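Chain by chain, the residues run as shown.
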Amino acid sequence: MKTLSKTLFKRTGLFLAVALLALTGCNEKKLKRPADAGTGTQPAAPAGGVDKAFARELAREFAREFARELAKQNITLPAGGGGTNPVNPAPPAGAAVELNSAEEVQDFYDANPKAFVVATPADLPANLQWEHGSELKEFASPKAKRGGTFHEYMADFPRTLRLVGPDASGSFRSRMLDYNSVYLVMAHPNGDGYHPGLAKEWAYSADRKTVYFRLDPDARYSDGEPVRATDYFFSLYFFRSEHIKGPWYNDFFSKEKFPNITLYDEHTISITYYKAKPDVIERIAGVRPIPEHFYSELDEQFVEDFQFKFEPNTGPYEVRTENVEKGKSITLTRVPDWWADKKKFYRNRFNPEAVKVSVVRDPAKVFELFLKGELDWHGLGLPEFWYEKLPNDHKLVTNGYVHKVQFYNDVPRPTWALRVNSSHSVLRNPDVRVGLNYAMNFDVVIAKVFRGDYVRMNTVADGYGPRSHPTLKARPFSVEKAKEHFAKAGYTRTGADGILMNAGGKRLSFTFTTPYKRLEDVMTVLKEEAKKAGVELEVEIMERTAAWKKISEKNHEIMLGALNVSVEIAPRFWEPYHSDNAYEEPKEKRYDANGKLREGLKPKPVTNNFCMLADKDIDDLIEKYRVSEDLDELTGQAKRLMEMIHDHGSFIPGWVRPWYRAGHWRWVEWPEGYNVKESREPYEFHIHWIDSDIKAKTLQDISAGRKSGAPTIQVFDQYKTD
């Protein structure tokens, strides 16, 4: 680390001196717990005292100036450095809650006294029926071995290590959060029920809107600090802040949806959801603790200040500063003495000591590195990989070095589809959108590109059991029907190149964007088939991060891609299909008196409404669906919404596959039965392990030119559905 230069102190010294002079004589800040009621009025500042808001802003400004100067001189201060994280003691069981929040945070609590309540154990309802999930079966193998480094890849270096805000939804996020962190309770991945997470026990209120939790006193963040009950207060402060630049979080964690958190003692809390939804515990468990000791408070510099700072998490892996090679790789390492390591449902999981994720931008290079053993696994979902690039008679397979696996899972499927930007001047016409549905020949894509192994997706929400539509089907390829709808939109003339035009000579031509180089053949087939219906698709295959940036800013015309979906009781419609996530204007200003969408609205960026779907009737039904407490009513509404979105035509269903395929080197081992029912990819639940002895022997066998074992090509269909 560089030594701080004299210039740095010259530039900041005067500012510091002014700050110190201004703060001289300030009273020591005294923090209070949130009031249960009242006005939240603050006592007047003493005569001659310094305005606290001014003092805070002065301190912040000095910190910013200091940080800017450090950045200019390329100086890095230690943060989250190496070595063993200190383990700080948790508060004793039953200890009274003490709030030690920054003044701005405390003010936020005080302004919402009914939402943030500090109570006592005596205030807990009587006769709560506590559950603990201990009757459920473990799903990891006692044969698992600890150790080794697991090697994976990512297509591009993440733009940020933040978990929220601009550019935070990249693929690396799942390794830090989704597949790593522990929540209050965790859904069991082999069936119904929940097992302990940060909470040891939980209980429901009589009206099923509130869930009570007894926190595990062992729970800690990766930096050794205990998870505190007050971190759940701070969580709502955090997710509701405009500074995180995350409108989805602002809405999902709004005061309307989560009207109350009560802290009874340091290890007992309750969280209230606004409706008694059938899956209320999953929604409430989504309120993850945010480490207040790490953030303290937020300001307008949040996005910049935390761009590449790893938030301490509750999971087994962390990102340390010294393990980040900008532009090259990030290595996650096991948290020393991880708090849940020996607990049921977590033991024998998360076995590698490190997970190194290297940047490999060229898909061909990725597969090459896998074949060399520099990457431990590679997806074989595309038929070209399963049948051609790693066929059953490949030397690596026949010599027993690499194993091939096909696993049938049972989960809602990623939504591979074309999303048509219906705010576009031509694509806003419903007949153009419906015509495009008929112009997309996914049957040929499935037959030629996917070797008939995939099946056509039919709706926006396949795979939700009773909540999916039993009869609704995607529109089939039909040149006749496509041209019929295009004619209704005024495209009746055919140019010399076969592309339709309207009376003004405007061609029926669109930019066709995807972030996935591996889908180039899909794009090519769709382009060739669409031309038969008079449509020109100009294929645009972009680097993944740049493509998603373009799409999230709603600058695309037609995009091919998928959104991962959660394993939950019913599909979500608000995020991808409500006009709240299409336009900035409030709903009452989006539509005219007849319910028609107004022109000139401002698109809302960084949402999942890539169709830019804005329809008042759909909006109204989504709003009813979101608050429904009756499962039968919810089911009917879900099916009706699928029909309405089908009619809108901005979502053109693509394909689904009822399994995943992978190749892995033989030193990566698995439990009997391979994986859990609700796994969406092989390593999601971290039940694999690396056998270092087998790896050493395999590498010796390769060097000696001898086999390591018989070919292993396995199909696991215990969870296959019709």
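S.K.: So what's going on with unusual backbone geometry? Residues and values would help.
M.R.: For residues other than glycine, phi is negative in most cases, and the peptide bonds are mostly trans. Backbone geometry places D167, a non-glycine residue, at a positive phi of 65 degrees. Following the sequence through the fold, D167 ends up in the loop between β2 (149-154) and α4 (173-176). Backbone geometry places K554, a non-glycine residue, at a positive phi of 65 degrees. With respect to the helices and strands, K554 occurs in the loop between α17 (544-552) and β20 (558-561).

S.K.: Quick rundown of the sheet that holds strand β14 (residues 417-420)? Include the residues and the values.
M.R.: Here we have five strands laid out as an open sheet, ordered β19-β18-β20-β14-β21, and mixed in their pairing. Where the open sheet ends on each side, the last strands, each with one partner, are β19 (536-541) and β21 (651-653). In this sheet, adjacent strand axes meet at a mean angle of 25 degrees when their direction is disregarded. The pairing of strand β18 (residues 509-514) with β19 spans six bridges and is classified as parallel. The residue bridging T514 from the neighbouring strand is I541, located in β19. Of the strands in this sheet, β14, β18, β20 and β21 touch helix α13 (residues 430-439), which is tilted by about 10 degrees from β21.

S.K.: Account for helix α16 (residues 520-532), naming residues and giving values.
M.R.: With 13 residues, α16 extends 19 Å between its outermost C-alpha atoms, agreeing within 8% with the 18 Å of an ideal straight helix rising 1.5 Å per residue. What α16 keeps buried is the set V522, M523, V525, L526, E529 and A530. Projected down its long axis, α16 carries its buried residues within an arc of 165 degrees, all on one side.

S.K.: Help me get a handle on the environment of P259, residues and values and all.
M.R.: For P259, the position within the fold is in the loop between α6 (247-252) and β7 (260-265). Owing to a relative accessible area of 30%, P259 belongs among the partly exposed residues under this scheme. Along the chain, P259 and Y273 lie 14 residues apart, while their C-alpha atoms are 6.6 Å from each other. The residues contacting P259, other than those within four sequence positions of it, are K114, A115, T272, Y273 and Y274.

S.K.: Quick rundown of the packing of helix α3 (residues 103-110) against helix α5 (residues 230-239)? Include the residues and the values.
M.R.: Contact geometry for α3 and α5: axes closest at 11 Å, N-to-C directions at 85 degrees. In terms of axis orientation, α3 runs roughly perpendicular to α5. On the side of α3, the interface is formed by E104, V105, F108 and Y109, while α5 contributes T230, F233, F234, L236 and Y237. By residue class, the composition of the contact of α3 with α5 is seven nonpolar, one polar and one charged.

S.K.: For the nonpolar core, give the residues involved together with the corresponding values.
M.R.: Within the largest apolar cluster, 152 residues are counted, with the highest numbers of intra-cluster contacts made by Y232, F238, L436, M440 and W655. In terms of residue count, α5 provides more of this core than any other element does, seven residues in total. In contact with W655, not counting residues within four places along its chain, are W416, F442, I446, F450, Y454, V455, R456, M457, L519, V522 and L560. In this structure, A461, A570, W574 and L621 belong to the second largest nonpolar core, which totals 25 residues.

S.K.: Break down the packing of aromatic side chains for me, citing the residues and quoting the values.
M.R.: The full count for this structure, using the stated rule, is 54 aromatic pairs. A ring pair is formed by F239 and F253, whose centres lie 4.4 Å apart and whose planes are at 15 degrees; its orientation type is stacked. Residue F239 is found in helix α5, and its partner F253 is found in the loop between α6 and β7; the two are separated by 14 residues along the sequence. The ring centre of W386 lies 4.1 Å from the NZ or CZ of K404, which sits over that ring. Over the aromatic face of W659 sits the side chain of R661, whose NZ or CZ is 4.0 Å from the ring centroid.

S.K.: If you had to explain empty space enclosed by the protein to someone new, which residues and values would you point to?
M.R.: Taken as a whole and judged by the stated rule, the model has two cavities of 30 Å³ or more. Taken as a whole, the largest cavity spans an internal volume of roughly 70 Å³. Together, L163, L177, S181, V182, Y221, R288, P289, P291, E311, P312, N313 and T314 line the largest cavity. For the lining of the largest cavity, a count of residues per class yields seven nonpolar, three polar and two charged. Every residue along the wall of the second largest cavity is listed here: N458, T459, V460, M642, I645, H646, F651 and P653. Those elements that place two or more of their residues in the lining of the second largest cavity are α21 (631-648) and β21. For the lining of the second largest cavity, the leading source of residues is α21, giving three residues.

S.K.: Could you give an account of the sheet that holds strand β8 (residues 268-272), with specific residues and numbers?
M.R.: Hydrogen bonds between backbone atoms are what pair the strands of a sheet, whose relative direction is either parallel or antiparallel. Taken in spatial order, the five strands make up an open sheet running β1-β7-β8-β6-β5, and their pairing is mixed. Unpaired on one side and paired on the other, β1 (116-118) and β5 (199-204) mark the two borders of the sheet. Averaged over all pairs of adjacent strands, the angle between their axes in this sheet comes to 20 degrees, without regard to strand direction. Looking at chain direction, β1 and β7 are connected through three bridges and run parallel. Among the inter-strand pairings, V117 is bridged to a residue of β7, identified as T262. Along the sheet, α5 makes contact with β1, β6 (210-215), β7 and β8, crossing β7 at roughly 165 degrees.

S.K.: Run through the pairing of strand β11 (residues 354-359), naming residues and quoting values.
M.R.: Judged from the six bridges that link them, β2 and β11 form a sheet pairing that is parallel. Counted as the bridge partner of M154 is V359 from β11. Summarising the sheet, strand β10 (residues 329-334) and β11 pair through five bridges and their orientation is antiparallel. Within β11, the position partnered with L332 by the bridge is V355.

S.K.: An account of the confidence of the model for the protein chain is needed here, citing residue identities and associated values.
M.R.: With 88% of its residues at a pLDDT of at least 70, the protein chain reaches an overall mean of 89. Here residues 1-50 is modelled with pLDDT under 50, and outside its nearest four sequence neighbours on either side it reaches 64 contacts, counting other chains as well. Low pLDDT, under 50, characterises residues 67-83; the predicted model gives this stretch 28 contacts beyond four residues in sequence or across chains.

S.K.: Tell me about the packing of α13 against helix α15 (residues 479-488), and please be specific about residues and values.
M.R.: One can describe the packing of α13 onto α15 by two numbers: an axis separation of 8 Å at closest approach and a directional angle of 165 degrees. The orientation of α13 with respect to α15, classified from their angle, is roughly antiparallel. Along this stretch, α13 crosses α15, giving a crossing that reads as left-handed. Contacts between α13 and α15 pair D431, V432, V434, G435, L436, Y438 and A439 from the former with K481, A482, H485, F486 and K488 from the latter. Among the residues making up the contact of α13 with α15, the classes are represented as seven nonpolar, two polar and three charged.

Thresholds, definitions, all that
For every chain, the first residue of the written sequence is number 1, and numbering continues from 1 onward in sequence order. It should be noted that, the model being predicted, local features are given only for residues of pLDDT at least 70 and side-chain atom pairs only at 80 or more, the latter also being counted only at that level, while totals for whole chains, interfaces and linings use all residues. Each side-chain value is worked out from all heavy atoms of the structure, with water and hydrogens disregarded. The numbering of helices and of strands both runs from the N terminus, where a helix is a DSSP run of H or I of at least 4 residues and a strand a run of E of at least 2. Any two strands between which DSSP finds at least two bridges are classified as paired. Where helices are involved, their axes are fitted lines through C-alpha atoms of the stretch in contact, as for all axes, and angles between N-to-C directions lie from 0 to 180°. Contacts were defined at the residue level, with two residues in contact if any of their heavy atoms lie within 4.5 Å. Given the number of residues in a helix, its expected span is that number minus one, multiplied by 1.5 Å. Type-normalised accessible area, obtained with a 1.4 Å probe on protein chains alone, sets the label of each residue: buried when under 20%, exposed when over 50%, and partly exposed for intermediate values. The arc in question is traced by the directions running from the helix axis to the C-beta atoms. An angle below 35 degrees is treated as roughly parallel, one above 145 as roughly antiparallel, one from 65 to 115 as roughly perpendicular, and anything else as oblique. Only Asp, Glu, Lys and Arg are considered charged in this grouping, and only Ala, Val, Leu, Ile, Met, Phe, Trp, Tyr, Cys and Pro are considered nonpolar; every other residue, Gly among them, is considered polar. Throughout this description, the term nonpolar core refers to a set of buried Ala, Val, Leu, Ile, Met, Phe, Trp, Tyr and Cys residues connected via side-chain atoms within 4.5 Å. Put simply, two rings from Phe, Tyr or Trp (the six-membered ring, in Trp's case) pair if the centres are within 6.5 Å, and we call them stacked under 30 degrees between planes, edge-to-face over 60, tilted for the rest. Lysine and arginine charges are scored as sitting over a ring when NZ or CZ, respectively, is within 6 Å of the ring centre and within 35 degrees of the ring normal. Throughout, the protein atoms alone are placed on a 1 Å grid, and a set of points is a cavity if a 1.4 Å probe fits but cannot get out or a pocket if it is open with protein on both sides within 12 Å along at least five of seven lines; lining residues have an atom within 4 Å of a point. Grid points are joined across faces, edges and corners, and a volume is the space filled by probe spheres set on the points. You can read pLDDT as the predictor saying how much it trusts each residue, on a scale of 0 to 100. Left-handed describes a crossing whose near helix is turned anticlockwise from the far helix by less than a right angle; the clockwise case is right-handed.

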